[in-house]
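Residues per chain, in single letters:
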Amino acid sequence: MTDKLAWIDEELNTLKETGFYNNIPTMDSPQGPSVIINGKQVLNFCANNYLGLANHPRLVQAASEAMQKFGIGPGAVRSIAGTLSLHVQLEKRMAAFKRVEDAITFQSGFTANGATIPALVGKEDVIFSDELNHASIIDGSRLSGAKILRFKHADVEDFERVVMEAQGTYRRGLMITDGVFSMDGDYAPLDKLVEVSKKYDLMTMVDDAHGEGVLGEGGRGIVDHFKLHGQVDVEVGTFSKAFGVVGGVVAGNAKIVEWLRQRGRPFLFSSAVTVPDVAACLASVDLLEESTELVDRLWTNARFFQEEMRKLGFDTGHTQTPITPVMLGDVQLAREFSRKLFEEGIFAGALGFPTVPKGKARIRVMISAAHSQDHLEQALDAFERVGKQLGKGG
Ligand SMILES: *Cc1c(COP(=O)(O)O)cnc(C)c1O
């Protein structure tokens, strides 16, 4: 008898032979600046935990208190019996935080894209999409059945060229871009993209997963950074990065949010996040609204680290945010560099093709407000030592 799943062995072997097999690190400690990975205590420069909220005592306390009052599971999809007052409260708080009309929450940022895009466009429509948009935007776009037209990364002129060429070929048009691009740490020229979109009557959508808690006043995100409140129809966000929890959110135009309550498929056919999640998200919003201290510290840490890395002779690409790519070029070199850093007690991952273009392999260093000055200096020392060993840096 032949093994009908033998093809999986072959595929997995190919991944291993070509170096694309994912060895998944396991953490045996709370998420924080110092963690235990594969049994070893290391400083964590891999997480999206920008503000150190993933293990914040206020979030833990809020989650425990809510569980005493509401239990754990939502018990049904949102539209039937699974909407708790906590969910509604979080949506009101997010709309206010983002300074927009309304908001709706989802199970994840990934799901928020899968819910929103097919609700806005279909077969007769067109999506204008930055070529480096996140996988969840790409999947949501495919799911919609709309024609997908790509424009060059963060290139407003190319965007307008693509829009002009498509004139007269579609019913509705939707411009979609990531806010912050997570591989390079640069952000979309959202003001200019919105300007062109207005000229051609396009709906506008930004996925601000890496911008929330980072950009804008007190971490209100990219729309706030550019002061575009009310001009971007859909702002997708996640609670899994700076907010330190899990869940997705769509904030923006009230009409669109209402439409998603009626037609967002993951909202209608999949249960919501649990009680402790929602309560912890509410505590995150509280913390962000009370003080800009964590966001300020994130930026102070990022500026310090990036300046010192440049002084050491490392190329940090064209980042505009705390995401710090350390460009190494060759993928084997990047992997070796990451392995040696780990031996030195620094956890920072290597990224290679197909995650980033060929020949642009790098280590990506994720800076957090939770890092102390000492943590940052330990990382800099490790980069300097490993750089000398491998002939990189100054
Ligand atoms: C991380 C990320 C997501 C997915 O968010 P989750 O809440 O973890 O599902 C979606 N879009 C972008 C741009 C992201 O960076």
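The sections below set out a description of the structure shown in this document.

Thresholds applied
Residues numbered from 1 in each chain as written. Predicted model: local features only at pLDDT ≥ 70, side-chain atom pairs only at ≥ 80, totals over all residues. Heavy atoms only, no water. Axes fitted to C-alpha atoms, helices over the stretch in contact; angles between N-to-C directions. Helix = DSSP H or I, 4+ residues; strand = E, 2+ residues; numbered from the N terminus. Parallel < 35°, antiparallel > 145°, perpendicular 65-115°, else oblique. Left-handed = near helix turned anticlockwise from the far one by under 90°. Contact = heavy atoms within 4.5 Å. Pairing = 2+ DSSP bridges. Phe/Tyr/Trp six-rings, centres within 6.5 Å; stacked < 30°, edge-to-face > 60°. Buried < 20%, exposed > 50% of the residue type's maximum accessible area, 1.4 Å probe, protein only. Lys NZ or Arg CZ within 6 Å of the ring centre and 35° of its normal.

With that settled, consider the packing of helix α3 (residues 85–98) against helix α11 (residues 275–290). Orientation of α3 relative to α11, taken along the N-to-C sense of each, is 25°, at an axis distance of 10 Å. Here α11 runs roughly parallel to α3, going by the angle between their axes. For the pair α3 and α11, the crossing hand works out as left-handed. Here α3 contributes Leu 86, His 87, Gln 89, Leu 90, Arg 93, Met 94 and Phe 97 to the contact with α11, which in turn contributes Val 275, Val 278, Cys 281, Leu 282, Val 285, Asp 286, Leu 288 and Glu 289.

Taken in spatial order, the 7 strands line up as β3-β9-β8-β7-β6-β4-β5 in an open sheet, and their pairing is mixed. Two strands bound the open sheet, and with one partner strand each, they are β3 (102–106) and β5 (147–151). Neighbour-to-neighbour, the strand axes of the sheet open up by a mean angle of 20°, direction not taken into account. Looking at chain direction, strand β6 (residues 173–178) and strand β7 (residues 203–207) are connected through 5 bridges and run parallel.

It is worth spelling out the packing of aromatic side chains at this point. The tally for this structure, following the rule as stated, stands at 14 aromatic pairs. Their ring planes at 50° and their centres at 4.9 Å tell us that Phe 151 and Phe 159 sit as a pair that is tilted. The two residues Phe 151 and Phe 159 agree in class, both being buried. Aromatic pair Phe 337 and Phe 383: ring centres 5.6 Å apart, planes at 35°, arrangement tilted. One end of the pair, Phe 337, is in helix α13 (residues 331–343); the other, Phe 383, is in helix α14 (residues 373–390), with 46 residues separating them in the sequence. Taken individually, Phe 337 and Phe 383 each receive the classification buried, so the pair is uniform in this respect. An aromatic cluster is defined as three or more aromatic residues linked by ring pairs; in this entry it consists of Phe 45, Phe 305, Phe 314, Phe 337 and Phe 383. Looking at Lys 16, its charged tip hangs above the ring of Tyr 21, at a distance of 4.8 Å from the centre.

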